[in-house]
Amino acid sequence: MALDKIQAQSFTILHPAQGETSNGSPVADIILVHGLQGHSKRTWLYTSRTQDQRRDSSSRKRWKGALGELMSPKSGSSASVGNAGPSVTPSSVDDGLYWPGDLLPPDCPNARIMVWGYDTVISKGYAPTDKSSLFGHAKNLLYALNRIRPQDRKIVFVAHSLGGLIVKEMLRRSQPDEDSHIQNIIQSTAAVIFLGTPHRGSHEFARLGDMVRKVASTILRVDSNETIIRALGLDSPELELSRESFLQWRTYGFLVKTFQESQALLGATLGLLNGKVLGEIQRGINSASVKSNLNISEEEKECLGSLYYEAMFSRQRTIKNAIPKTCEWFYRSNVFQTWSSRKRASTDLGLLWLKGKPRAGKSTVMKYALAQLECVEGSRSNVASFYFNARGNAMEKSPLGLLRSVLHQLCLQDCQILATFSQTYQRRQSCDGGSYLPWSELELESFFEKVFKESSTRRTFIFIDALDECSKESVREAVYFIDRLAQTALEGEVLLNICLSSRHYPAIRTPNCPEVVVEAHNDSDISTYIRDKLRFIPASESNEAHAIQAFLEEMASGVFLWVVLVVELVVRDINFGQPISKVAKRVKGVPKDMEDLYHQLFRSLTPYELTFSVPLIQWVLLHKDYLPRTGNDAPPKIPRTRADGGIRFLHLAVRLSSISGAPTRQNLSDWGYIHPAAPPPTDRILRLINSTSRGLIEYTADGRVQFVHETVREFFLTGPGFGLLDSSLQQNPLGRGYMALVTGCLNALDLPEHSELTTTVKIIHLHTLWALDD
């Protein structure tokens, strides 16, 4: 095929395949997806220019190339930011070897070969830029593939850079879809090959792309796309969601292979593509030509369904990733390495307990250690985790939720555990006459003990975070069971490692369990964080900056959240142009105790801010997302949007609770609504929430709005929080809070009809009324 026939934003069939099946159709489809600032042609083209660019992979060259492209009069061309080749237009590319069209077909004659293009150009000069997010591109790929692909034909994906994130999100979306043709895409996937995909985010990509975007939109006044850039950040919710899907992918048994390039993703080398990558593609095609026996049966899927619940990974998803060069101390410590290696397996129970003050950063440390261990162990061991969440539903803070989540993860990794559990499930169904009864805590405890008595059970790591957030009546029994399970595994000669984390209270100890105290080791993490946040202070004021840092380090006492909140105040004052001497004076007046700090933060709210802050806190504290009631009398399901829909619904719901009568046109205008169907921009609403909560309320990746820490919730639930905001709420704050929610429900009934937004708000309020009734 001529290179100028390759489509920039759709599928292009490069090789239709020489049919080798009984009906003459291809065995599989090979689909190549390019990355950030890429092109269906340029990314996979190997030319003399490509080779020249690979010789100089310095950051300076990349910055120069990206910025130079912005200033080029060719507004429609694409800069090469983290991709192959210099800036070229599709019609002017020089001759070269186009790997998918020139070299791949002879090696894969029985496969149809296609490239898929989409627009991720950060800026096109003065032409409008495609604003699609990672989710939008994934959705487009999903439905385009469904249109072009026959049912049940196997698929091999080759994805470069950001393209890997899009493929992961596309597969995640195909799993729960009600359309069997859409589900068939993940069911038919034979292999996914990632080339330089930043699975956990990339400071390099995000920083480079964001700078180009800012230059484009601020200095040159041209259009740019920041949604794609945000998807590449280390704290990106998109990456967290797609990462979780890896656990589910094991169900389908397809090959997953990652190649990380050593030269900062400046284009895939021809040798790599036609060597190792080709070998993995052929493995995928070979597995596609024979029906896979790795996929679990329908009975086993039903069995897994009895364990699954919606909020299984909600808490883990909201925990911030560690910033670079922090949290390493725990993973690299002698006590962790001794625990993970089990050098004394004959006597060592395999338990390790991370303890610390509230807000010391225990969950972030646990998440970092888990990620590192997953990378080291790969598929040779079972690795599962559970994060208790006192702000979540009943399953998120109960031992039963722990058991169901961990067992679900183990079944997806270990065919022996899955087979044993499936037999248990089938016997239970037979005894119950086929009726479904939820698992009890005792049943699952017995199954765990049975599994870890068997010497054939392979090595397993389990991380359990925030044990103190387990329901108070159950936390001690949970610890006793964990200790008993460790003893069972030791007697059965099974290598079972369990890492726990909690506050120092409740004071529970188990014998033969080493303990690590976070605040005794995280000084360097706190210093790194402060230094990173204050690095933009001018050199002329460096002495004052060093004094502020030293004071914060001394006052922190290992409490990471205190540092985060106070540094935010410092940065805000600096951005407002306050003299460093005044900033330093204010810092010295910040209380060391967290509750006193909450007092100080909320005392600074203006009367105008309080009109939104009070109902916002009431909603976050009292609204129930999950209800026990089911059946015909249950309320309609709340439409969930993983992008920005949920935050808009909440904004209007809070506003409706802030007035005492039916909303007027003037109310809607004051709140930023042109009309009910046109809400304010999401970023503006997020800034409002952040400002009126003083940074103590966050919006999570799965659409929840919640307090940043359990202690903030306690400050309002059982502490003086509401009385501080409004003296009239001091008496019976919860009762008055519920009345505010009811007021919002009544006001929602007076909203105009024929609006998706207002319809959803009414459903949310209806859920609230059901919750109050329960």
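Bear in mind that the values here come from a model prediction, so they are computed numbers and not experimental data.

Here we take up the overall build of the protein chain. Along its length, the protein chain carries 33 helices and 15 strands. In the protein chain, buried positions account for 56% of the 774 residues. Put simply, of all contacts in the protein chain between residues at least 6 apart along the chain, 81% involve residues at least 24 apart. In the form shown here, the protein chain has an accessible surface area of approximately 33,700 Å², with 51% of it arising from carbon and sulfur atoms.

Take the confidence of the model for the protein chain next. In the predicted model, the protein chain carries a mean pLDDT of 76, and the fraction of residues at 70 or more is 73%. Here helix H2 (residues 59–71) is the element of the protein chain with the lowest mean pLDDT, 43, and strand S11 (residues 460–465) is the one with the highest, 96. Across residues 203–225 the pLDDT falls below 50, and counting only partners more than four positions away or on other chains, this stretch makes 64 contacts in the model. Note that pLDDT drops below 50 for residues 262–268; the model gives that stretch 24 contacts with residues more than four away or on any other chain.

A separate point is the pattern of salt bridges. Enumeration over the complete set of coordinates arrives at 16 salt bridges. The shortest N-O distance in the salt bridge between Glu377 and Arg380 comes to 3.2 Å. Between Glu445 and Arg484 there is a salt bridge, with its nearest N and O atoms 3.7 Å apart. Here the residue Glu445 occupies a position in helix H19 (residues 441–451), and Arg484 occupies one in helix H20 (residues 475–491), the gap between them amounting to 39 residues. For Glu445, a relative accessible area of 10% puts it in the buried group.

Counting residues in each nonpolar core, the largest one holds 56 residues, and the members touching the most others are Trp562 and Phe716. At nine residues, the largest contribution of residues to this core is made by helix H23 (residues 560–575). If we skip the residues at most four places from it in the chain, Phe716 touches Phe602, Ile617, Leu621, Phe707, Gly721, Phe722 and Leu725. The next biggest cluster of nonpolar side chains, apart from the first, holds 51 residues, and it includes Leu412, Phe448, Leu467 and Ala489.

This part covers unusual backbone geometry. One non-glycine residue, Asp152, lies in the positive phi region at around 75°. Summarising the element assignment, Asp152 is placed in the loop between helix H5 (134–148) and strand S6 (154–160). The residue Asn512 is not glycine, and still its phi comes out positive at about 55°. Structurally, the position occupied by Asn512 is in the loop between strand S12 (496–503) and strand S13 (515–517).

Here we have five strands laid out as an open sheet, ordered S10-S11-S12-S9-S13, and parallel in their pairing. Taken across any chain shown, the strands that pair with only one partner, and hence form the sheet edges, are strand S10 (382–387) and S13. Ignoring which end each strand starts from, the neighbouring axes of this sheet average 15° apart. Here helix H16 (residues 362–377) sits on the sheet and contacts strand S9 (351–356), S10, S11 and S12; the angle it forms with S11, its principal contact strand, is near 165°.

In this structure, Asn522 sits in the loop between S13 and helix H21 (523–533). On the accessibility criterion, Asn522 (1% relative accessible area) is buried. Beyond its immediate chain neighbours, meaning those up to four positions away, Asn522 contacts Trp329, Ala360, Gly558 and Phe560.

The next thing to look at is the packing of helix H17 (residues 399–413) against H19. In contact at an axis separation of 9 Å, H17 and H19 are set at 40° when each is read in the N-to-C sense. Viewed along their axes, H17 and H19 adopt a mutual orientation that is oblique. The two elements H17 and H19 meet at a crossing, and its hand is left-handed. On H19, the residues touching Pro399, Leu400, Leu403, Arg404, Val406, Leu407 and Leu410 of H17 are Glu441, Leu444, Glu445, Phe447 and Phe448. Here the residues of the contact of H17 with H19 sort into nine nonpolar, no polar and three charged.

Taken as a whole and judged by the stated rule, the model has zero disulfides. With no disulfide of its own, Cys303 lies 5.9 Å from the sulfur of Cys411, the closest cysteine sulfur. Using a relative accessible area of 0% as the deciding quantity, one classes Cys303 as buried.

Another point: the pairing of S9. Most of S9 is tucked away: six of the six residues are buried. Side-chain alternation along S9 places Leu351, Trp353 and Lys355 on one buried face and Leu352, Leu354 and Gly356 on a second face that is also buried. As paired elements, S9 and S12 share six bridges and run parallel to each other. Paired with Gly356 across the two strands is Arg503, which belongs to S12. Relative to S13, S9 runs parallel, the two sharing three bridges. Across the sheet, the residue bridging to Trp353 is Glu515, located in S13.

To continue, consider the sheet that holds S6. Read across the open sheet, the six strands follow the order S1-S5-S2-S6-S7-S8; overall the sheet is mixed. Each edge of the sheet is formed by a strand with only one pairing partner; in this case those strands are strand S1 (11–15) and strand S8 (255–259). Neighbour to neighbour, the strand axes of the sheet diverge by 20° on average, direction disregarded. The sheet strands contacting H5 are S1, strand S2 (28–33), strand S5 (111–116) and S6, and the helix crosses S5 at an angle near 150°. Against the sheet, helix H6 (residues 162–174) touches S2, S5, S6 and strand S7 (189–195), its axis set at about 145° to S6.

Attention now moves to H21. Taken together, the buried positions of H21 are occupied by Asp525, Ile526, Ser527, Thr528, Tyr529 and Ile530. For H21, the secondary structure elements touched by its buried residues are helix H14 (328–332), helix H22 (542–556) and H23.

One can describe the packing of H21 onto H23 by two numbers: an axis separation of 10 Å at closest approach and a directional angle of 15°. When the axes of H21 and H23 are compared, the pair comes out roughly parallel. For the element pair H21 and H23, the recorded crossing hand is right-handed. Each of Asp525, Ile526, Tyr529, Ile530 and Lys533 in H21 lies in contact with H23, whose residues at this interface are Phe560, Val563, Val564, Val567 and Val571. Across the contact of H21 with H23, the residue classes break down as eight nonpolar, no polar and two charged.

Rules behind the numbers
- Residue numbers run consecutively from 1 along every chain, following the written order of its sequence.
- Totals for whole chains, interfaces and linings use all residues, but because this is a predicted model, local features are given only for residues with pLDDT of at least 70 and pairs of side-chain atoms are given and counted only at 80 or more.
- Computation of side-chain values covers all heavy atoms of the structure but excludes hydrogens and water.
- Secondary structure elements are defined from DSSP: runs of H or I of at least 4 residues count as helices, runs of E of at least 2 residues count as strands, and each element is numbered from the N terminus.
- Exposure classes here rest on a 1.4 Å probe applied to the protein chains alone. A residue is buried below 20% of its type maximum, exposed above 50%, and partly exposed in between.
- Any pair of residues with heavy atoms lying within 4.5 Å of one another is described as a contacting pair.
- Exposure was quantified through the Shrake-Rupley algorithm and a 1.4 Å probe, taking into account, for residues, occlusion by the shown protein chains and nothing else.
- A score from 0 to 100, pLDDT tells how confident the predictor is in each residue.
- Counted as salt bridges are all cases of a side-chain nitrogen of Lys or Arg within 4 Å of a carboxyl oxygen of Asp or Glu.
- What makes a nonpolar core is a set of buried Ala, Val, Leu, Ile, Met, Phe, Trp, Tyr and Cys residues whose side-chain atoms join them at distances within 4.5 Å.
- The pairing criterion is simple: DSSP has to find at least two bridges between the two strands.
- Note on geometry: axes are lines fitted to C-alpha atoms, helical ones only across the stretch in contact, with angles between N-to-C directions running from 0 to 180 degrees.
- Roughly parallel refers to an angle under 35 degrees, roughly antiparallel to one over 145, roughly perpendicular to one between 65 and 115, and oblique to any angle outside these ranges.
- We call a crossing left-handed when the near helix sits turned anticlockwise from the far one by less than a right angle, and right-handed when that turn is clockwise.
- Classification used: nonpolar for Ala, Val, Leu, Ile, Met, Phe, Trp, Tyr, Cys and Pro, charged for Asp, Glu, Lys and Arg, polar for all others including Gly.
- Cysteine sulfurs are considered disulfide-paired once they come within 2.5 Å of each other.

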